[in-house]
Amino acid sequence: MSLFNSTSTIDMLAAGLSAASLREKVIANNIANVDVPHFKRSDVIFESELRRSLDSARDAHTAPVQLRTSDERHFTVRLHRDWREVEPRLSADYASTMRNDGNNVDIEQEITELNKNQLQYSLLTERLGGQFRQLNLFTRLA
């Protein structure tokens, strides 16, 4: 087991925990505003951006041609986005409406998303604990 890979994994799990924590706050806000006229629900975008970043990094390493610039005034071509730059972001849903008062919060969907997020958070904390256990074992053997 490489210490660098373990550190990278821990950083990625920590980013996932931060996103799940933010998502819980956003879902709680959606639920709290279920009866507010014209309230539009929000969601947290993170996992899809992280996947896109990891896929672009993989594709950049297998690309047959690497692009370079010869002058700082040239446009830079970024073949991939580092996953460490991916931050959770909020996205409000202005396109849909659930009721006549303009509110688009579906309480059943929010509760389902809250349960799903809780399971994801529990999984991430378990995996993070496993990484720390492996690091502890690694440092004892070294």
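Residues numbered from 1 in each chain as written. Predicted model: local features only at pLDDT ≥ 70, side-chain atom pairs only at ≥ 80, totals over all residues. Heavy atoms only, no water.

Chemist: Describe the side chain of Lys40, naming the residues involved and giving the relevant values.
Modeler: When you line up the elements, Lys40 lands in the loop between helix H1 (3–32) and strand E1 (42–45). One polar contact links Lys40 to Thr97, side chain to side chain, over a distance of 3.3 Å. Sequence-distant contacts of Lys40, defined by excluding residues within four places in its chain, comprise Asp93, Tyr94, Ser96, Thr97, Gly102 and Asn104. (Helix = DSSP H or I, 4+ residues; strand = E, 2+ residues; numbered from the N terminus. Polar contact = N/O pair within 3.5 Å; in protein donor to acceptor, adjacent residues only side chain to side chain. Contact = heavy atoms within 4.5 Å.)

Chemist: Please provide a residue-by-residue account of the pattern of salt bridges, values included.
Modeler: Under the criterion given, the structure shown has 6 salt bridges. Here Arg52 and Glu49 are joined by a salt bridge, their closest N and O atoms 2.9 Å apart. On the criterion of helical spacing, the pair formed by Arg52 and Glu49 is a turn pair, its members being 3 residues apart in helix H2 (residues 47–62). The class of Glu49 is buried, set by a relative accessible area of 14%. Salt-bridge contacts for Arg89 lead to Glu49; the nearest nitrogen and oxygen are separated by 3.5 Å. One end of the pair, Arg89, is in strand E2 (residues 89–92); the other, Glu49, is in helix H2, and 40 residues separate them in sequence. Connected through shared salt-bridge partners, Glu49, Arg52 and Arg89 make up one network. (Salt bridge = Lys/Arg side-chain N within 4 Å of Asp/Glu carboxyl O. Buried < 20%, exposed > 50% of the residue type's maximum accessible area, 1.4 Å probe, protein only.)

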